[in-house]
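Listed below, chain by chain, are the residues.
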Amino acid sequence: MTERVTTKDLIAQHNLTDEEYKKIVEILGREPNLTELGMFSVMWSEHCSYKSSRVHLKRLPTTGERVVQGPGENAGAVDIGDGLVAVFKMESHNHPSFIEPYQGAATGVGGILRDIFTMGARPIALLDSLRFGLLDQPKNRHLFKGVVAGISWYGNCCGIPTVGGEVVFNEIYGLNPMVNVFCLGIAKKDRLFKGQALGVGNPVIYLGSKTGRDGIHGATMASDAFDEDSEAKRPTVQVGDPFTEKLLLEACLELMDKDLLVGIQDMGAAGLTSSSCEMASRAGTGIELDLTQIPRREPGMTPYEVMLSESQERMLLIAKAGLEEEVLKVCRKWDLAGAVVGRVTGDGMLRVRDLGPGNKPVVVAEIPAKGLADDAPRYERPDAPPAFQEHLQSLNIEVLSDVKDATAVLCSLLESPTIASKAWVYQQYDHMVRTNTLVRPGSDAAVIRIKGTNKALAITTDGNGRYCLLNPYLGGGIAVAEAARNLICSGAEPIGLTDCLNFGNPERPEVMWQFILSIEGIRDVCEALRIPVVSGNVSFYNETNGLSIYPTPIIGMVGLIEPADRATTQWFKQAGDAIILIGETKEDLGGTEYLRVIHAREQGSPPLLNLETEKAVQACVLKLIRDGLVHSAHDCSDGGLAVTLAESCLSSPGKPHGAMVRLKPNGLRRDALLFGESQSRVVLSVSRDQTDAVLRMAREAGVVAYAIGTVGGERLVVEVEADRWGPSCRIDAEMATLADRWANGLERSLQ
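1. Points about the overall build of the protein
Helix and strand counts for the protein stand at 26 helices and 28 strands. Viewed in the frame of its principal axes, the protein has a C-alpha envelope of about 95 × 55 × 45 Å. Going through the 751 residues of the protein one by one, you find that 64% of them count as buried. Excluding contacts between residues fewer than 6 apart, the proportion of contacts in the protein whose partners are at least 24 apart in sequence is 84%.

2. A few points about the domain arrangement of the protein
Entries for the protein in the domain assignment read domain 1 (7–43 + 193–372), domain 2 (51–190 + 434–564) and domain 3 (403–410 + 567–747). The centre of domain 1, based on its C-alpha atoms, is set 53 Å off from the matching centre of domain 3.

3. Here we look at the pattern of salt bridges
Note that side chains of opposite charge can pair when their charged atoms are close. Under the counting rule described, the total for this entry stands at 52 salt bridges. Residues Arg 131 and Glu 166 are paired through a salt bridge, measuring 3.1 Å at the closest nitrogen-oxygen approach. Pair noted here: Arg 131 is in strand β4 (residues 122–132) and Glu 166 is in strand β5 (residues 162–169), with a separation of 35 residues, a long-range link. With a relative accessible area of 1%, Arg 131 lands in the buried category. The exposure class of Glu 166 is buried, given its relative accessible area of 13%. Here Arg 282 and Glu 278 are joined by a salt bridge, their closest N and O atoms 3.9 Å apart. One end of the pair is Arg 282 and the other is Glu 278, both in helix α11 (residues 271–283) and 4 residues apart, which spans about a single turn.

4. As for the packing of aromatic side chains
Throughout the structure, instances matching the rule amount to 13 aromatic pairs. One aromatic cluster is present, formed by Phe 132, Phe 144, Phe 169 and Trp 424 through successive ring pairs. Here the basic side chain of Lys 139 rests over the ring of Phe 98, its NZ or CZ set 5.3 Å away from the ring centre.

5. Focus: the layout of surface pockets
Each pocket or cavity is described by its volume, and for the largest pocket that value is around 1300 Å³. Lining the largest pocket are 49 residues, with Cys 48, Tyr 50, Lys 89, Glu 91 and Gly 536 positioned closest to its centre. The residue inventory of the lining of the largest pocket, partitioned by class, reads 14 nonpolar, 22 polar and 13 charged. Mapped onto the domain boundaries, the lining of the largest pocket takes at least three residues apiece from domain 1 (7–43 + 193–372) and domain 2 (51–190 + 434–564).

6. A short note on the sheet that holds strand β23 (residues 632–635)
Taken together, 7 strands build an open sheet; the order of strands is β23-β25-β22-β26-β24-β27-β28 and the sheet is mixed. At either margin of the open sheet sits one strand with a lone partner, and together these are β23 and β28 (729–734). Strand-to-strand, the axes of this sheet are offset by a mean angle of 20°, without reference to chain direction. Lying on the sheet, helix α19 (residues 472–489) is in contact with β23 and β25 (682–686); it crosses β23 at an angle near 170°. The strands that helix α26 (residues 735–749) touches are β27 (715–720) and β28; relative to β28, the one it contacts most, it runs at about 85°.

Procedures and definitions
Residues numbered from 1 in each chain as written. Predicted model: local features only at pLDDT ≥ 70, side-chain atom pairs only at ≥ 80, totals over all residues. Heavy atoms only, no water. Helix = DSSP H or I, 4+ residues; strand = E, 2+ residues; numbered from the N terminus. Buried < 20%, exposed > 50% of the residue type's maximum accessible area, 1.4 Å probe, protein only. Contact = heavy atoms within 4.5 Å. Domains from an automatic or database assignment. Salt bridge = Lys/Arg side-chain N within 4 Å of Asp/Glu carboxyl O. Phe/Tyr/Trp six-rings, centres within 6.5 Å; stacked < 30°, edge-to-face > 60°. Lys NZ or Arg CZ within 6 Å of the ring centre and 35° of its normal. 1 Å grid on protein atoms, 1.4 Å probe; cavity = no way out; pocket = protein on both sides within 12 Å on 5 of 7 lines; lining within 4 Å. Points joined across faces, edges and corners; volume = space filled by probe spheres on them. Nonpolar A, V, L, I, M, F, W, Y, C, P; charged D, E, K, R; others polar. Pairing = 2+ DSSP bridges. Axes fitted to C-alpha atoms, helices over the stretch in contact; angles between N-to-C directions.

This is the structure in structure tokens:
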């Protein structure tokens, strides 16, 4: 064993506290050497160990009749019938994407793809949920363009369609952009693979790209806050190769199909260290590695560098004894580096050997696998609301003037980058490769058909950091409710979700308070809607110089459509259709995009979410769609009813449809009626002769519904009647004008 290291500076450089170091010494019964210290540093980082979040994540509902694999593996899986499962997960690559946006985003795509095909599933779709600062800053434009280009490059080259997602712009993300990537795959229910080192004596095989020095301490970097020197951390950002990833995908699926493997794990964050110790810990076994057999692309690498490298496109396999040559034959077929690098042992130890003095094999690291993978400290960190929380939630709307020119306000909202069409983004993605995409980007959810069946899956991502800033409990719950509503509007029954929880420094009580309340909000809505959480990710330390991002939990959700031809889109289909508003509009202006864009305020309480109302609305809309009564359905969210109507007119891949709408204010302010973001609302279009039937079914379901207008014409006209609380007002704009604002708003912001 090599020389021990005990200096306080070295321990601090590895982001370990004194108490954590003492625990390492207790686990080992001695002081660690440098390689062991590095291995503990990455595995006990926040990114790998979830040491500040694990105790709270246990509150989430993770079981259900469709759940085949819940949290704890590389991805979650839910039963979709016909002997198939949908396998999905969402991951963050926030820190790397700020330092190097192109490769940071690209390797985020690569990592989530490997999480899916490691389970034995073929990836069929990607989504991305992105957050950036305002585009009037050159740095933010650079980050945005670089991230989109990186996602496009990696996904397109791998042949996996990127079919949707969301992008939000707010100055709070200027120094800490968010890149969350979701992947969906399909596998046979009885052929799921797990990351377990089963079978003492079985060979451990390395597969994929050769190991270099890129990405060393990437996991530690992702567990730290930023400062003005953060760009110097560029060497910790991994470098991806999507063409190798494609070869790796096909090789892994072939190995699984030939029944040559008993376990498989991606070498992701913490590289060879995490893949080996996690597989051994899950199986209750040990692993012995021989570093002299690791394929390398750089000379002179130390054991520390080999064990901590995060070079991309690599897998660690546990093969069946005696079948090593069969595995290596597949490696050679796909032109990938492959080598037998160790074996499974029965003593529970991760033992690493390399050449020592005189070129003699020596043990360079010897650590209990469970101690490394599972025994990191569990913190229940202090939590308390921010001192400014009461000020944030206080909003006296009486001091704000009501809308005077509603047409001008609508145009301003439609061209704001958060609401404007994201065609500039998704036109860079190949969203039709593999020919499964039934509903392309631009609707409430993407829809992917499952070949060989009469089923389709709808997928979406959602989250509102501003809501969570103002009320973390409501914001977390609304993210789940809106994701579910997006799927319902696409004709899908929600069947499972994954989350990506993006927050600031967990050592600050106000951040933990936001995190805990967001978890509770997610939990309560998941339980009410009976949607299990089957996988997820936590990204802490999203802050620079002490300024955190808004608490931003992102929900990725999957829904089942059967039969597939019941898939529904958000845009109006034909002139003469009736427009029906499902749900009730209230005076919900707090936290709205309208307040931010028009009044430059981010204050108030987010819209209240009544779970019984939400359940009733979702059940009603889904039944109407399944009964074939609905031509279009669009969730009412950012920008309120007026923006929802405009998007229903504008988002058609063909010619836009105008609309004539008449609204009764019912005592509401005009801005709240038109631009408020009350929850549990959906805009439908239906055949005129089905209007009465739809309204009757809504009443029978206990759901508020109004016929508010008709599709048709070359203008969007919204008349608000006068009442004793205020005068009439009107939106009246040519579709060509609205289309120009909405379709070109984002691209103009980039110029």
